[in-house]
Amino acid sequence: MAGHSTIMHQRPCKALLPTAKAPRPERVSHRVVAQAQPTRPSQPNRASTAVQASAIADAPPAHTSRVSEKPLGEGPTVINGQVLHSLSKERLALVNSLEPYVRERVMPLLKPVEKCWQPADFLPDPSKGDYLDQLAELRKRTDCLPDDYFVVLVGDMITEEALPTYMAMLNTLDGVRDETGAEQTAWGKWTREWTAEENRHGDLMNKYCMLSGRVNMKAVEVTIQNLIGSGMDPKTENNPYLGFIYTSFQERATKISHGTTARHAKEYGDKVLGQITGAIASDEGRHESAYCRIVDELFRKDPEGTTLAFADMMKKQIVMPAHMMDDMVHKGRTGRNIFQDFSTVAESTGTYTAQDYASILEHLIQRWELEGLEGLSSEGQQAQEYVCKLPPRIRRLADRTLMRKEKGKKREVPFTWICDRTINM
């Protein structure tokens, strides 16, 4: 993912969306997948009528949360205003029942290690006698890349390098976490092997940027350390319904961003970098398919709960994995978060835009056949209507925001990542 993304490497960002809010239908419940109101946790849960009884009967007993000190599935816990463990007992049982499906339909989307590319396949080999010639050729290729391209490439790379945060996020999800760190469950193996595939992305991009000589690696390393140390809170409430909708969105956003970066590299003349970012985009496409398959099955078994979760995630907007990046310089001299300006450059270069955000949402609505779902409750129908009407609203808001930006005054903004060279934005 990581995108987080994204960023997400560069992932869809709240900064790319206008701050004005479009009209929306009657508000879906405050925490749509919770079975009790967060402020009144003593209320009994309402079982979902859409959850299949067979899944519940076959599922193992619920685990106990180390955070809340009460059985999972017994209503949400609220700690310091943050909703946690919002999945109901019935839906937790359904998630537990998906283990065979994940093993049969999701795990095969991972590649055996021996069939995966490795960073060394794309980089100069220091053990070879012509290493310096290979390095000189790499630098000649990257000389043709403009600075704004490098800002986006580095921002994407930093987001990929925060992979420990994304693995930790997956392991917060109830019913699917790797409890020991080496569990042989399908969920545990998926999380570890997905992380292992993703790890190659930041590794390769980092080395390529360093060898180019165009990047201030100390500033990049500071940003990476700060980002990992800051963590992320995507507002998924330890809830796998929310978590896998989030990752389905983010992986597609990552694929789009890396794919565009690949196309731009080839247009500028660096075909090797185009192959690198294209290979990364291909990985993200497989990972997108995997997470979407999980949500496919959630929709099949529990269309009501999954529709409510989809609406809840989109109401919150997709919190970007890298939105807390900090180089410890940029904000002090510009007054703005470096992620905000990185996102602006990504938008201006067409690498990732608010229109892409809307397109991803449209794609997911179509894939999960949300518009055609029938038999939903009144609350479910409101959630369905909200999500289905959201893409055109986002597009209208994005158009208005773009018009305002075009009328705004341009400024030269220095980025530590590219040795304090400036970008007109």
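Residues numbered from 1 in each chain as written. Predicted model: local features only at pLDDT ≥ 70, side-chain atom pairs only at ≥ 80, totals over all residues. Heavy atoms only, no water.

Chemist: Any chance you could break down the overall build of the chain for me, citing the residues and the numbers?
Modeler: When helices and strands are counted, the chain shows 15 helices and 4 strands. Put simply, the chain has 425 residues, and 56% of those count as buried. Summed over its atoms, the accessible surface of the chain is roughly 17,900 Å², and 51% of this surface lies on carbon and sulfur atoms. (Helix = DSSP H or I, 4+ residues; strand = E, 2+ residues; numbered from the N terminus. Buried < 20%, exposed > 50% of the residue type's maximum accessible area, 1.4 Å probe, protein only. Areas by Shrake-Rupley, 256 points an atom, 1.4 Å probe, with all protein chains shown as cover.)

Chemist: Summarise the packing of aromatic side chains; cite the residues concerned and give the values.
Modeler: The tally for this structure, following the rule as stated, stands at 12 aromatic pairs. Between the aromatic rings of Trp190 and Tyr291, the centroid separation amounts to 5.4 Å while the plane-to-plane angle is 90°, which identifies the pairing as edge-to-face. Linking Trp190 in helix 7 (residues 186–212) with Tyr291 in helix 10 (residues 271–301), this pair joins segments that are 101 residues apart in sequence. Note on Phe249 and Tyr357: the rings are 4.9 Å apart at their centroids and 55° apart in plane angle, and the pair reads as tilted. Remark: Tyr357 occurs in helix 14 (residues 354–367) and Phe249 occurs in helix 9 (residues 240–268); sequence separation between them is 108 residues. Of the two residues, Phe249 and Tyr357, both sit in the buried class. (Phe/Tyr/Trp six-rings, centres within 6.5 Å; stacked < 30°, edge-to-face > 60°.)

Chemist: Describe in detail the environment of Asp125, supporting the description with residues and values.
Modeler: Along the chain, Asp125 falls in the loop between helix 3 (99–106) and helix 4 (131–142). When its relative accessible area of 28% is taken as the criterion, Asp125 is described as partly exposed. Between the C-alpha atoms of Asp125 and Leu135, which are 10 residues apart in sequence, the distance is 8.9 Å. Of note is the side chain of Asp125, whose polar atom sits 2.7 Å from the side chain of Ser127. (Polar contact = N/O pair within 3.5 Å; in protein donor to acceptor, adjacent residues only side chain to side chain.)

Chemist: Got a sec to walk through the pattern of salt bridges? Specific residues and values, please.
Modeler: Under the criterion given, the structure shown has 25 salt bridges. When the shortest N-O distance is used, the salt bridge between Asp147 and Arg421 registers 2.9 Å. Linking Asp147 in helix 5 (residues 147–161) with Arg421 in the loop between strand 3 (412–414) and strand 4 (422–424), this pair joins segments that are 274 residues apart in sequence. Arg421 sits in the partly exposed class, given a relative accessible area of 27%. Between Asp312 and Lys316 there is a salt bridge whose closest N-O contact spans 3.1 Å. Note that Asp312 and Lys316 are positioned in helix 11 (residues 303–316) at a spacing of 4 residues, about one turn of the helix. (Salt bridge = Lys/Arg side-chain N within 4 Å of Asp/Glu carboxyl O.)

Chemist: Talk me through helix 4; I want residue IDs and the actual numbers.
Modeler: Taking 1.5 Å of rise per residue, the 12 residues of helix 4 would be expected to cover 16 Å, and the 17 Å separating its terminal C-alpha atoms lies within 8% of that figure. All buried positions along helix 4 are accounted for by Leu135, Leu138, Arg141 and Thr142. Each buried residue of helix 4 sits inside an arc of 120° when the element is viewed along its axis, so together they form one side. Exposed and oriented more than 90 degrees from the buried face of helix 4 are Leu132, Asp133 and Lys140. Against the buried residues of helix 4 lie helix 5, helix 7 and helix 10. (Expected span 1.5 Å × (residues − 1). Arc of directions from axis to C-beta. Contact = heavy atoms within 4.5 Å.)

Chemist: Lay out the nonpolar core in plain terms, naming residues and giving numbers.
Modeler: With 103 residues, the main nonpolar core has Phe310, Phe415 and Trp417 as its most contacted residues. Looking at which element gives the most residues to this core, the answer is helix 10, with 11 residues. Contact partners of Phe310, with chain neighbours within four places excluded, come to Ile245, Phe299, Leu361, Leu364, Ile365, Trp368, Leu370 and Val387. (Core = buried A, V, L, I, M, F, W, Y, C linked by side-chain atoms within 4.5 Å.)

Chemist: Could you give an account of helix 8 (residues 217–230), naming the residues involved and the relevant values?
Modeler: In this model, helix 8 (14 residues) spans 20 Å end to end at C-alpha, consistent with the 20 Å of a helix rising 1.5 Å per residue. Within helix 8 the residues assigned to the buried category are Met217, Ala219, Val220, Thr223, Ile224 and Leu227. One side of helix 8 carries all its buried residues, which in axial view fall inside an arc of 155°. Away from its buried face by more than 90 degrees, helix 8 exposes Lys218, Gln225 and Gly229.

Chemist: Explain the environment of Ile256 to me, and be specific about the residues and the numbers.
Modeler: Here Ile256 is to be found in helix 9. On the basis of relative accessibility, which here comes to 22%, the residue Ile256 falls in the partly exposed class. As a C-alpha pair, Ile256 and Asp356 span 100 residues in sequence and 8.0 Å in three-dimensional space.

Chemist: Describe the side chain of Asp178, naming the residues involved and giving the relevant values.
Modeler: Secondary-structure assignment places Asp178 in the loop between helix 6 (163–170) and helix 7. Take Asp178: its relative accessible area is 9%, and that puts it in the buried class. At 3.0 Å, the side chain of Asp178 and the backbone nitrogen of Gly181 are in polar contact. Discounting chain neighbours no more than four positions away, the residues touching Asp178 are Asn171, Glu183, Gly188 and Arg192.

Chemist: Break down the packing of helix 6 against helix 7 for me, with residues and values.
Modeler: As a packed pair, helix 6 and helix 7 sit with axes 10 Å apart at the nearest point and diverge in direction by 165°. Accordingly, the angle class assigned to the pair helix 6 and helix 7 is roughly antiparallel. Considering the relative orientation of helix 6 and helix 7, their crossing is right-handed. Contacts between helix 6 and helix 7 involve Leu163, Tyr166, Met167 and Leu170 on the former and, on the latter, Thr191, Arg192, Trp194, Thr195, Glu198 and Asn199. (Axes fitted to C-alpha atoms, helices over the stretch in contact; angles between N-to-C directions. Parallel < 35°, antiparallel > 145°, perpendicular 65-115°, else oblique. Left-handed = near helix turned anticlockwise from the far one by under 90°.)

Chemist: Mind laying out the environment of Met425, listing which residues take part and the relevant values?
Modeler: For Met425, the location among the structural elements is in the segment after strand 4. Taking C-alpha positions, Met425 is 8.6 Å from Asp341, a pair spaced 84 residues apart along the chain. Not counting chain neighbours up to four residues away, the residues in contact with Met425 comprise Asp341, Thr344, Val345, Lys409, Lys410, Arg411, Val413 and Phe415.

Chemist: Go over the confidence of the model for the chain, please, and point to the residues and values.
Modeler: Of the residues in the chain, 82% have a pLDDT of 70 or more, and the chain-wide mean is 87. For the stretch residues 2–69, pLDDT sits under 50, and the model shows 206 contacts to residues farther than four places along the chain or on other chains. (pLDDT = per-residue confidence, 0-100.)

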